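# Secondary and tertiary structure notes
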Amino acid sequence: MTATTTAPSTTAPTGTQPGERTGARTAEAAELITGARERIDVLDDRIIGLVQERMAVSAVIQKERIASGGRRVSLSREMEILATYRDALGKPGTALAMTLLELCRGRI
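Heads up: these notes are all about the structure in this document. Because the structure is a prediction, the values reported are computed rather than measured.

Rules and cut-offs
- Sequence positions are assigned chain by chain, starting from 1 and proceeding in written order.
- The predicted origin of the model limits local features to residues at a pLDDT of at least 70 and limits the giving and counting of side-chain atom pairs to 80 or more, whereas totals for whole chains, interfaces and linings rest on all residues.
- To obtain the side-chain values, all non-hydrogen atoms of the structure were included, while hydrogens and water were left out.
- Each patch groups residues whose relative accessible area exceeds 30% and which form no salt bridge, using 9 Å between like charges and 5 Å between nonpolar side chains of Val, Leu, Ile, Met, Phe, Trp and Tyr.
- The Shrake-Rupley method, run with a 1.4 Å probe sphere, supplies the accessible areas, and residue values consider only the shown protein chains as cover.
- The rule for a salt bridge is simple: a side-chain nitrogen of Lys or Arg has to be within 4 Å of a carboxyl oxygen of Asp or Glu.
- In summary, the charge assignment counts Lys and Arg as positive and Asp and Glu as negative, without counting His or the chain termini.
- Charge placement uses NZ in Lys and CZ in Arg. For Asp and Glu, CG and CD serve respectively.
- Helix and strand definitions here come from DSSP, where helices need a minimum of 4 consecutive H or I residues and strands a minimum of 2 consecutive E residues; each element is numbered from the N-terminal end.
- Helix span, as expected, comes to 1.5 Å for every residue beyond the first.
- Each residue gets one of three labels from its accessible area relative to the maximum for its type: buried under 20%, exposed over 50%, partly exposed in between, using a 1.4 Å probe on protein chains only.
- Throughout, an axis means a line fitted to C-alpha atoms (over the contacting stretch in the case of helices), and angles, computed between N-to-C directions, take values from 0 to 180 degrees.
- Should the near helix be turned anticlockwise from the far one by less than a right angle, the crossing is termed left-handed; should it be turned clockwise, right-handed.
- Any two residues whose heavy atoms approach within 4.5 Å at even a single point are treated as in contact.
- Residues are grouped as follows: Ala, Val, Leu, Ile, Met, Phe, Trp, Tyr, Cys and Pro are nonpolar; Asp, Glu, Lys and Arg are charged; all remaining types, including Gly, are polar.

Take a negative patch on the surface next. A surface patch of like charges, here negative, comprises Glu38, Asp41, Asp44 and Asp45. Within the element layout of this structure, Asp44 appears in helix α2 (residues 27–67).

Moving on, we come to α2. A rise of 1.5 Å per residue sets the reference length of α2, with its 41 residues, at 60 Å; its end C-alpha atoms lie 60 Å apart and thus fit the reference within 8%. Looking only at α2, the buried set comprises Ala30, Val51, Ser58 and Gln62. Backbone geometry just downstream of α2 places Gly69 in the positive-phi region, at approximately 95°.

For the rest of this paragraph, the subject is the packing of helix α3 (residues 75–89) against helix α4 (residues 91–105). It is the contact of α3 with α4, at a shortest axis distance of 7 Å, that shows an interaxial angle of 145°. As for how α3 packs across α4, the hand of that crossing is right-handed. Judged by residue contacts, Glu78, Ile81, Leu82, Tyr85, Arg86 and Leu89 of α3 engage Lys91, Pro92, Gly93, Thr94, Leu96, Ala97, Met98, Leu100, Leu101 and Arg105 from α4. For the contact of α3 with α4, the class distribution of residues is 10 nonpolar, 2 polar and 4 charged.

Here's what the structure looks like:
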């Protein structure tokens, strides 16, 4: 055996098999994973757009609240939001809500 000969590999060379990027071991699984990932990418784009929309609406609320002599942040409203996310998604929902609140109103 020469130095250029290699034993057969159970994994495909880089860039030659669809399963390489997906971790799938069959073409059918790789196709399903690729399609599902494309759907996730579309969902992520929608989520980002919704977060940006939420940020814009929050800015309007803060501006009006401050203009009327109120505080920039309503802690009771934030507690409602935290509870909503926690109830729907469990403990990770609270962390997600905190991130959304920080994106929308900044750090307090």
